[in-house]
Amino acid sequence: MTLTKYLTLIPTKITTTADKYAYIQEAYETVVKKLRLDPSVHPLRFTNHIKLDNFNFKGQIVVSESEIAFKQFNGLIQVDDLETDQDFGTIDTPLIGNLDSVDYDYTDFDEVNEYHNTVPIVYQIGTSIVCNHMDDTFFLINAYAYPYFCTTADGQYVDKHYYNVSTMNTTYGAANLTVDPVIGVLTLMMIYSKYYEDQGIINLKDVYHKYTMDLINMVNQWNNTKGNDNLDYMGQLDVCDGFSG
């Protein structure tokens, strides 16, 4: 379903475009934070200090520059993990690798960690990740990435994607965006719940909220309802050579 069609399903008394996107954004973020997400492994590069904290501090996919946000991360692969309360100052933008990028080996992740022979010593301070013994740090992170509400035909590795639905509309136009079928339905039910709450119709607010929670629980229990396959090919890691698609 296109975003244009989706907008027609929103309560008709929400008339302004700005209000429609405000309802979508609030409902979407509420829904995806409650979804059970599949873990995935991401190559990550940064300088000195980054944060990964939901939609507050996001990474950037190389080449397309799409936003990528993580609900949480389980661990850092091939690093020495330490804890500290030291303040490391300015926060850098974490770069998340695209294994299918044709220039992935040569421009974005090559020649870091001394050709991947040096193990980074990484400090974790809450949501912060810090490495202060090398200027360019590369490792793999096991994390849960948030899905986008809507995508372009070419996807996030080609076109720059945003988690903000209004920004996606401004950038590409609603007619050129496809709403995720599962997230779209859950978000729509939550929109109605929030709309009736604002109208003071608490009984309908509670009905739609419970309906949304029941659907989310069904999705969380039935992995096949999600659009990704956790056995999708991501690329291969060659010894001391970085990644090759």
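Note that this is a predicted model, so its numbers are computed, not measured.

This next bit is on the confidence of the model for the chain. Of all residues in the chain, 77% have pLDDT values of 70 or greater, and the mean over the chain is 82. Taking the mean pLDDT of every element in the chain, the minimum, 40, falls on strand E14 (residues 242-244) and the maximum, 98, on helix H5 (residues 165-172). Counting interchain partners and residues more than four positions distant, the pLDDT-below-50 stretch residues 225-245 has 35 contacts.

Let's shift gears to the environment of Leu215. Residue position: Leu215 is located in helix H7 (residues 202-221). The class of Leu215 is buried, set by a relative accessible area of 18%. Here Leu215 is in contact with Val185, Leu186 and Met189, once residues within four sequence places are set aside.

With that settled, consider the pattern of salt bridges. Enumeration over the complete set of coordinates arrives at 5 salt bridges. With a shortest N-O distance of 3.4 Å, Glu26 and Lys194 are connected by a salt bridge. With Glu26 in helix H2 (residues 17-32) and Lys194 in helix H6 (residues 181-198), this residue pair connects regions lying 168 residues apart in the sequence. Of the residues examined, Glu26 reaches a relative accessible area of 46% and is grouped as partly exposed. Judged by relative accessible area, which is 13%, Lys194 ranks as buried.

In this structure, Leu3, Ile24, Leu35, Ile129, Ile141 and Phe149 are the most contacted members of the largest nonpolar core, which totals 57 residues. Looking at this core, the elements that each hand over two or more residues are helix H1 (3-7), H2, strand E1 (40-46), strand E5 (70-77), strand E10 (137-145), H5, H6 and H7. The element best represented in this core is H6, accounting for 9 residues. Sequence-distant contacts of Ile24, that is, excluding residues within four places in its chain, are made with Tyr6, Leu7, Ile10, Phe149, Val165, Thr187 and Ile191.

Conventions and cut-offs
Residues numbered from 1 in each chain as written. Predicted model: local features only at pLDDT ≥ 70, side-chain atom pairs only at ≥ 80, totals over all residues. Heavy atoms only, no water. pLDDT = per-residue confidence, 0-100. Helix = DSSP H or I, 4+ residues; strand = E, 2+ residues; numbered from the N terminus. Contact = heavy atoms within 4.5 Å. Buried < 20%, exposed > 50% of the residue type's maximum accessible area, 1.4 Å probe, protein only. Salt bridge = Lys/Arg side-chain N within 4 Å of Asp/Glu carboxyl O. Core = buried A, V, L, I, M, F, W, Y, C linked by side-chain atoms within 4.5 Å.

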